[in-house]
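Here are the chains, one letter per residue:
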Amino acid sequence: MGISMAICEMDSDGALCKVGKSTLLKVNLKDLAGFEDVAEFDLVVPISQAKLVLGDDWEAFLKRNRLDPEMETLYLDKVKNEADRQLLVAESQKQYTGWISLEKVPAEKRPLLMERASRDDCLTAWDMLSFEEMGATCAKCPLSWDEGRGCMGTFGPENSALPDIARRNDCPIVASVPESVKSNRSFSVEEAAGLLEEVRLLRERLPGEGKVMVRRYSGVLDRLEKMGQVCTVYRTRFYFL
């Protein structure tokens, strides 16, 4: 696996994604007790019950609604024909998705909701954007240091020789990259200035390691420099993962 490098973009108000990433829209709960009235659900009809209601019209029903004959559950919102939908609605039952929209939750119940919700089961306004919309935002964001593609880029493979080269040349930040991945360490804004100094020094020393190393790591040093510059200007931390 490879190592990536990124900034803590949420540190800066200049990040165009900050508002979206800070705006929580939905949470998913495994236990909906007490929140059933605001939880999202699908209306479903057991296939056996649907066949009983439709009788000999079953095959024609599948064709006119373009439904898969092999489906295990009939979702009412997939039924395109209004007359068919009205016929089956009385046979439908709620199947909860687990998702709850925060706008439907009374203010006094939100603390309990967030207490139950896992961080990984939350959707923000940023999460709801398409990849195209995310890409367009990153392309114009001033913190998008990786050629407009975003604020995360490639450092290199886990066995990169650059940390060892950095260690021999007294560049502790670059030297500590593999260990920082394991410890989930974030580097401070002040250390970004140190990173820029290390990049300058490594550019001077890299030719002494041979032409192969210059070709292999010049691009990495360029990316480290761009990341460090953004961190110092917009006052963000950075990390490796």
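Please read these numbers as outputs of a predicted model, since none were measured by experiment.

Caption draft 1: Up close: the packing of aromatic side chains. Applying the stated criterion across every chain yields a total of 6 aromatic pairs. Both rings, one in Phe41 and one in Tyr96, keep their centres 6.1 Å apart while their planes meet at 75°; by these two values the pair is edge-to-face. A residue pair is termed long-range when its members are at least 10 positions apart, and Phe41 in strand β3 (residues 39-46) and Tyr96 in strand β5 (residues 93-101) qualify at 55 residues. Between Phe155 and Phe240 the ring centres are 5.7 Å apart and the planes differ by 80°, which places this aromatic pair in the edge-to-face class. Taken together, the residues span a long stretch of sequence, with Phe155 in strand β7 (residues 152-157) and Phe240 in strand β9 (residues 238-240) at a distance of 85 residues.

Caption draft 2: Up close: the environment of Val181. Here Val181 shows up in helix α9 (residues 177-183). For the pair Val181 and Ile100, spaced 81 residues apart in sequence, the C-alpha separation works out to 34 Å. Residues contacting Val181, with those up to four places away along its chain left out, are Ile3, Phe240 and Leu241.

Caption draft 3: Spotlight on the sheet that holds β9. Pairing in this open sheet of 4 strands is antiparallel, and the strands run β7-β1-β9-β8 from one edge to the other. Pairing within the sheet leaves two strands with one partner each, and these edge strands are β7 and β8 (186-187). Along the sheet face, helix α11 (residues 211-234) touches β1 (2-7), β7 and β9 and points at about 25° away from the line of β1.

Caption draft 4: Region of interest: the pattern of salt bridges. Within the structure shown, the criterion is met by 18 salt bridges. With its nearest N and O atoms 2.8 Å apart, the salt bridge here joins Glu209 to Arg168. Here Glu209 is found in the loop between α10 (189-205) and α11, whereas its partner Arg168 is found in helix α7 (residues 162-168), with 41 residues between them in sequence. We note a salt bridge from Glu197 to Arg200, for which the minimum N-O separation is 2.4 Å. Within this pair, Glu197 and its partner Arg200 are both found in helix α10, separated by 3 residues, close to a single helical turn. Given a relative accessible area of 41%, Glu197 falls into the partly exposed group. With a relative accessible area of 39%, Arg200 lands in the partly exposed category.

What counts, and where the lines are drawn
- Residues numbered from 1 in each chain as written.
- Predicted model: local features only at pLDDT ≥ 70, side-chain atom pairs only at ≥ 80, totals over all residues.
- Heavy atoms only, no water.
- Phe/Tyr/Trp six-rings, centres within 6.5 Å; stacked < 30°, edge-to-face > 60°.
- Helix = DSSP H or I, 4+ residues; strand = E, 2+ residues; numbered from the N terminus.
- Contact = heavy atoms within 4.5 Å.
- Pairing = 2+ DSSP bridges.
- Axes fitted to C-alpha atoms, helices over the stretch in contact; angles between N-to-C directions.
- Salt bridge = Lys/Arg side-chain N within 4 Å of Asp/Glu carboxyl O.
- Buried < 20%, exposed > 50% of the residue type's maximum accessible area, 1.4 Å probe, protein only.

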